[in-house]
Amino acid sequence: QPCPPRGTRFTVGRTMYETDRLPEGWVPRINKMDEVWVPSHFALEQFASSGVERSKLVVVPEAVDTDFFDPAKHKPMDAGGGGDGTYRFL
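Computed from a prediction, not measured in an experiment: that's the story for all the values here. (Residues numbered from 1 in each chain as written. Predicted model: local features only at pLDDT ≥ 70, side-chain atom pairs only at ≥ 80, totals over all residues. Heavy atoms only, no water.)

### Quick notes on the packing of aromatic side chains
And then number 1: All chains considered together, the criterion is met by 2 aromatic pairs.
And then number 2: Judged by centre distance (4.7 Å) and plane angle (65°), the rings of Tyr-17 and Trp-26 are edge-to-face.
And then number 3: With relative accessibility at 31%, the residue Tyr-17 sits in the partly exposed group.
And then number 4: Given the relative accessible area of 31%, Trp-26 is considered partly exposed.
And then number 5: Between Phe-68 and Phe-69 the ring centres are 4.8 Å apart and the planes differ by 85°, which places this aromatic pair in the edge-to-face class. By the burial criterion, Phe-68 is exposed, and Phe-69 matches it. (Phe/Tyr/Trp six-rings, centres within 6.5 Å; stacked < 30°, edge-to-face > 60°. Buried < 20%, exposed > 50% of the residue type's maximum accessible area, 1.4 Å probe, protein only.)

The structure is reproduced here in structure tokens:
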């Protein structure tokens, strides 16, 4: 499947990549989009410094229900740690 698809009038890519730069193979494909929506100004700078055309980049923040995800309304989940507040990843 080509990306962006052939025959479209306007293509928008919605993406993110959580490191300091994009894989080289992504940049030519992303630059074929009309717009690229990223979740933050960090991501905008990351994509631009990787070679994506800055004029195509638009920050569209992630949507969060702040009433539902209010940490003041919920107790922390017991993650089964040792009782001292630490947790080990093996």
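### What about the pattern of salt bridges?
And then number 1: Overall, the coordinates contain 3 salt bridges when judged by the stated rule.
And then number 2: Between Arg-21 and Asp-20 there is a salt bridge, with its nearest N and O atoms 2.9 Å apart.
And then number 3: Owing to a relative accessible area of 52%, Arg-21 belongs among the exposed residues under this scheme.
And then number 4: Given a relative accessible area of 46%, Asp-20 falls into the partly exposed group.
And then number 5: A salt bridge links Glu-45 to Arg-54, with the nearest nitrogen and oxygen atoms 3.0 Å apart.
And then number 6: A relative accessible area of 42% means that Glu-45 is categorised as partly exposed. (Salt bridge = Lys/Arg side-chain N within 4 Å of Asp/Glu carboxyl O.)

### Structural notes on the side chain of Thr-11
And then number 1: Along the chain, Thr-11 turns up in the segment before β1 (12-14).
And then number 2: If near-sequence neighbours (up to four positions away) are discounted, Thr-11 is found in contact with Pro-4, Lys-32, Met-33, Asp-34 and Glu-35. (Helix = DSSP H or I, 4+ residues; strand = E, 2+ residues; numbered from the N terminus. Contact = heavy atoms within 4.5 Å.)

### Focus on a nonpolar patch on the surface
And then number 1: A contiguous nonpolar patch, built from Phe-10, Val-12, Trp-37 and Val-58 and spanning about 330 Å² of accessible area, is present on the exposed surface.
And then number 2: One can find Trp-37 in strand β2 (residues 35-38).
And then number 3: The exposure class of Trp-37 is partly exposed, given its relative accessible area of 32%. (Patch = residues over 30% accessible without salt bridge, like charges linked within 9 Å, V, L, I, M, F, W, Y side chains within 5 Å. Areas by Shrake-Rupley, 256 points an atom, 1.4 Å probe, with all protein chains shown as cover.)

### What about the environment of Ser-49?
And then number 1: As for its placement among the helices and strands, Ser-49 is situated in helix α2 (residues 41-50).
And then number 2: With 28 residues separating them in the primary sequence, Ser-49 and Arg-21 have C-alpha atoms 7.4 Å apart.

### Comments concerning the environment of Met-16
And then number 1: Following the sequence through the fold, Met-16 ends up in the loop between β1 and α1 (26-30).
And then number 2: Distance from Met-16 to Ser-40, taken between C-alpha atoms, is 9.0 Å for residues 24 residues apart in sequence.
And then number 3: Setting aside residues up to four positions removed in sequence, Met-16 forms contacts with Trp-26, Pro-39, Phe-47 and Glu-62.

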